[in-house]
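Breakdown of the fold
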Amino acid sequence: MKKISKIIAAVLVIGGMVLLSKTSAAQAQETIDLRKLVVTDEEEQFYRTQSASIKKYNRMLEKLTVNPGARGSLRRYEESYGGAYINENGELVVLLTENVDKNRRMIQEYTEDDSIITKTCFYSYNELMEVIDTLNGELRNLAEQGVLVDEMYDDVSLNRVIIRVRNLNDEKEQLVRDIIDSGCMVFRNSEHGAVLQEGLCGGLGIVSGDNGLPSTLGFCATRNGVEGYVTAGHSANRIGEEFTYNGEVIGEVTHTGWYHNTTADAGFIQAKKGGTLTNYIMGHRCIGATGYEYPSGTQISMYGQKSGLQRGTIESYHSSFNESLDFGEYTTIDHARATYKSQEGDSGAPIFLYEGSYDGESLCTLIGIHSSRNFEQKPHFAKYGNIVKVLGVTTVTE
């Protein structure tokens, strides 16, 4: 598929030039076919089919869901449902585990499409989600036992849960299976952990020397040539406050963005002499950081020391909210509101865009750090562009 956003922008510019010229509308139409510049006829058909498939998918899920108030991996469906995906033609494919003929008729009714594609699978989608939900709550315990899960996701077309473990061996796989064991679990090795062992990285758990409260290292950075780490400002709120990792002092706070009406709930911890910085976020190599604007619905990831890897979407990119903390109530402005799962201890966690896996290595772009949750328990994060303005830092990307 072609990436069409830049082409659309170019078309809009060209379109503007045509409107400003003295060329007649008829002549302009002969000169330039806007639709064909955007997509080919084949691509046009794919996108139209995919759009219809997405609507069918949501109609179907509404009927299949047995606990509509639940979110993400906690949501459960009718047991015969094995998941669904969009194929290379843009068509919706629905997997069914049992009574295929009977349940196909049910899916046809739910999607309002008698020609819907169904396939037989072995594992229900509930089983896939149970594996993910169970292991999400054990990622920290596994890490403490030396089992670092770099990535875990449901591959619906394979009807499996893919679990990528750093430097995988039989012992590490068994430690995971001791927690939950299912035939839908597929283990794969990820071999880029050596760099992470040489220094700190985004997503690691750190602790305040002032009050012993946990938070998460957001990313490694430099400030005016000085190396250090960025975490949440409400955690790193006092100049001179020391932070530790695994009981060892890693540095002290030299700058904080924590104050009333802050646009960046972030603080800079100057690294202790001899500390090593990396450009990794728990198995994902950070290839850049941006202060771009992101539309609502953008898929993002967070890695907190308590919640581990969580995914969600941006709901609003311009949000202000009150934070009620032990030491007072503060207002943060121009943060972003999102949907990923978070809890206490995730403050400062990196927020990033997954950019894909290349030659076995997962790449990402940093866009901010987790701040806190509002009164509705909706997570918010400080945007990278604002962090740069407030703290004067630059993330490490090499």
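For the structure itself, consult the block above.
Residues numbered from 1 in each chain as written. Predicted model: local features only at pLDDT ≥ 70, side-chain atom pairs only at ≥ 80, totals over all residues. Heavy atoms only, no water.

Take the overall build of the protein next. When helices and strands are tallied, the protein shows ten helices and 23 strands. Sequence-distant contacts, at least 24 apart, represent 63% of the contacts inside the protein between residues at least 6 apart. Surface exposure of the protein reaches about 19800 Å², of which carbon and sulfur atoms provide 48%. (Helix = DSSP H or I, 4+ residues; strand = E, 2+ residues; numbered from the N terminus. Contact = heavy atoms within 4.5 Å. Areas by Shrake-Rupley, 256 points an atom, 1.4 Å probe, with all protein chains shown as cover.)

Another aspect to go through is the sheet that holds strand E5 (residues 160-166). Sheet architecture is open: three strands sit in the order E4-E5-E6, paired in mixed fashion. Either end of the sheet is taken by a strand with one partner, and the two such strands are strand E4 (149-155) and strand E6 (185-190). Pairwise comparison of adjacent strand axes, ignoring direction, gives a mean angle of 20 degrees for this sheet. Two strands pair when backbone bridges link them, and E4 and E5 are joined in this way by six bridges, in the antiparallel orientation. Within E5, the position partnered with Tyr153 by the bridge is Ile162. (Pairing = 2+ DSSP bridges. Axes fitted to C-alpha atoms, helices over the stretch in contact; angles between N-to-C directions.)

Before going further, it helps to examine the pattern of salt bridges. Two side chains with opposite charge may pair up if their charged atoms get near one another. Summed over the entire model, instances satisfying the criterion amount to eleven salt bridges. Between Glu151 and Arg164 there is a salt bridge, with the nearest N and O atoms lying 3.0 Å from each other. With Glu151 in strand E4 and Arg164 in strand E5, this residue pair connects regions lying 13 residues apart in the sequence. A residue is classified by how much of its surface remains accessible, and Glu151, at 6% relative accessible area, is buried. Between Lys378 and Glu315 there is a salt bridge whose closest N-O contact spans 3.0 Å. Of the two residues, Lys378 sits in the loop between strand E21 (361-373) and strand E22 (379-383) while Glu315 sits in strand E18 (residues 308-325), which places them 63 residues apart along the sequence. One connected set of salt bridges, linked through shared partners, spans Glu151, Arg164 and Arg311. (Salt bridge = Lys/Arg side-chain N within 4 Å of Asp/Glu carboxyl O. Buried < 20%, exposed > 50% of the residue type's maximum accessible area, 1.4 Å probe, protein only.)

Let us look at the packing of aromatic side chains. Overall, the coordinates contain eight aromatic pairs when judged by the stated rule. Centroid distance Tyr77 to Tyr125: 5.7 Å. Interplanar angle 55 degrees. Geometry classified as tilted. Here the residue Tyr77 occupies a position in the loop between helix H4 (41-64) and strand E1 (81-86), and Tyr125 occupies one in helix H6 (residues 125-136), the gap between them amounting to 48 residues. Here Tyr77 falls in the buried class, since its relative accessible area comes to 8%. (Phe/Tyr/Trp six-rings, centres within 6.5 Å; stacked < 30°, edge-to-face > 60°.)

Three or four residues apart is the spacing at which side chains of an α-helix point the same way, because the helix has 3.6 residues per turn. Buried within helix H10 (residues 384-391) are the following residues: Tyr384, Gly385, Asn386, Ile387 and Leu391. Remark: Gly392 follows H10 within two positions and exhibits a positive phi of approximately 70 degrees.

Strand pairing within a sheet occurs via backbone hydrogen bonds; the two strands may be parallel or antiparallel. Taken together, the three strands give an open sheet; going across it, the order is E1-E2-E3, and neighbouring strands pair in mixed fashion. In the strand order of this sheet, the two ends are held by E1 and strand E3 (117-120), each with one partner. Between one strand and the next, the sheet's axes are offset by a mean angle of 25 degrees, whatever the strand orientation. Both E1 and strand E2 (residues 92-96) contribute to a ladder of five bridges, which runs antiparallel. Bridging across to E2, Ala84 finds its partner in Val94. Packing of H4 onto the sheet brings it into contact with E1 and E2, and relative to E1 it is tilted by some 165 degrees.

Purely geometric stuff here, so don't read any function into it on its own.
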